[in-house]
Amino acid sequence: MKSIFSLAAAAALVGLSNSTPLPDATAAAHGPYHISGFFASKPHLSSGCRFEFNLTSPTLPSTPPVYCWASVELGFSGATWLGYVYQGLGHCDNERVDWTFNHPRGAETDRNDAVFNVTVDGVLGTYRVPKEDIYVNLNDEGNPFDNDVSYSGPREFEIVDFPGGN
Ligand SMILES: *[C@@H]1O[C@H](CO)[C@@H](O)[C@H](O)[C@H]1NC(C)=O
Ligand SMILES: *[C@@H]1O[C@H](CO)[C@@H](O)[C@H](O)[C@H]1NC(C)=O
């Protein structure tokens, strides 16, 4: 605790001695990104996937958390993948936040991990969702159109990987 206080004091001094302190753009100042209520699911017999989550981070207001969502069309009610929320398809109620999610289509026997990226003020955090955390139910194996797929990992987790460094 002592070192945190002295760090804060040092930071305050730096701020005082600098007439226009720049916002700290380093990942260390921005992270971790705390995700809660993470939900991604293709409803039964639907061909679309719905995503939702809440986000807090050290530089974002925490009450209420930033709420993010997306709907992606998979084109096939037999999809066993969660799809690609590309840049611009994911929404948040705070324009400082951007996100993508990519779960590529994989063979039935060789499913893929997914990558979830969240950007706050341009600082990218990335999180790998292991394929074990994506639940697939083929239901009636004779019917290729009634598969279910949903995220089944922890609903709350932290993004601590900041590939931009710092
Ligand atoms: C997000 O947070 C709001 C406000 O705290 C809450 O009402 C909502 O249920 C949360 N959503 C999810 C997906 O957890
Ligand atoms: C997510 O971030 C990683 C790491 O920088 C990058 O390789 C990948 O292309 C990004 N994915 C998307 C869908 O933006």
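Per an unreviewed UniProt entry, the protein carries the name Podospora anserina S mat+ genomic DNA chromosome 3, supercontig 2 and comes from Podospora anserina.

Let's talk about the site of ligand 1
What surrounds ligand 1 is the set Gly 37, Glu 52, Asn 54 and Pro 65. Side-chain polar atom of Asn 54 to an oxygen atom of ligand 1: 2.3 Å apart, as the coordinates give it. Taken by itself ligand 1 offers 360 Å² of open surface, and the protein chains cover 45% of this. Considered class by class, the residues forming the shell around ligand 1 number one nonpolar, two polar and one charged.

Regarding the site of ligand 2
Surveying the vicinity of ligand 2 reveals the residues Tyr 84, Thr 100, Asn 117, Leu 124, Thr 126 and Pro 163. Take Thr 100: an N or O atom from its side chain is 3.3 Å from an oxygen atom of ligand 2. Asn 117 is positioned with one of its side-chain polar atoms (N or O) 2.4 Å from an oxygen atom of ligand 2. Surface burial for ligand 2 is 54%, taken as the share of its 360 Å² of free accessible area covered by protein chains. Considering only residue class, the shell around ligand 2 consists of three nonpolar, three polar and no charged.

Some points on the side chain of Ser 41
Tracing the backbone shows Ser 41 in strand E1 (residues 33-42). Residue contacts for Ser 41: discarding those within four places in its chain leaves Gly 48, Cys 49, Arg 50, Val 149 and Ser 150.

Brief notes about the packing of aromatic side chains
Per the counting criterion, the structure on display carries 17 aromatic pairs. Note on Tyr 84 and Tyr 86: the rings are 6.0 Å apart at their centroids and 75 degrees apart in plane angle, and the pair reads as edge-to-face. Overall, Tyr 84 belongs to the partly exposed group, its relative accessible area being 46%. Accessibility expressed as a relative area gives 44% for Tyr 86, which makes it partly exposed.

Quick look at empty space enclosed by the protein
Tallied over the full model, the rule gives one cavity of 30 Å³ or more. A volume near 30 Å³ is recorded for the largest cavity. Around the largest cavity, the lining residues are Thr 80, Trp 81, His 103, Pro 104, Arg 105, Gly 106, Arg 111 and Asn 112. Considered class by class, the residues forming the lining of the largest cavity number two nonpolar, four polar and two charged.

Here is what the cut-offs are and how they apply
- Residues numbered from 1 in each chain as written.
- Chains lettered and ligands numbered in written order.
- Predicted model: local features only at pLDDT ≥ 70, side-chain atom pairs only at ≥ 80, totals over all residues.
- Heavy atoms only, no water.
- Near = heavy atom within 4 Å.
- Polar contact = N/O pair within 3.5 Å; in protein donor to acceptor, adjacent residues only side chain to side chain.
- Areas by Shrake-Rupley, 256 points an atom, 1.4 Å probe, with all protein chains shown as cover.
- Nonpolar A, V, L, I, M, F, W, Y, C, P; charged D, E, K, R; others polar.
- Helix = DSSP H or I, 4+ residues; strand = E, 2+ residues; numbered from the N terminus.
- Contact = heavy atoms within 4.5 Å.
- Phe/Tyr/Trp six-rings, centres within 6.5 Å; stacked < 30°, edge-to-face > 60°.
- Buried < 20%, exposed > 50% of the residue type's maximum accessible area, 1.4 Å probe, protein only.
- 1 Å grid on protein atoms, 1.4 Å probe; cavity = no way out; pocket = protein on both sides within 12 Å on 5 of 7 lines; lining within 4 Å.
- Points joined across faces, edges and corners; volume = space filled by probe spheres on them.

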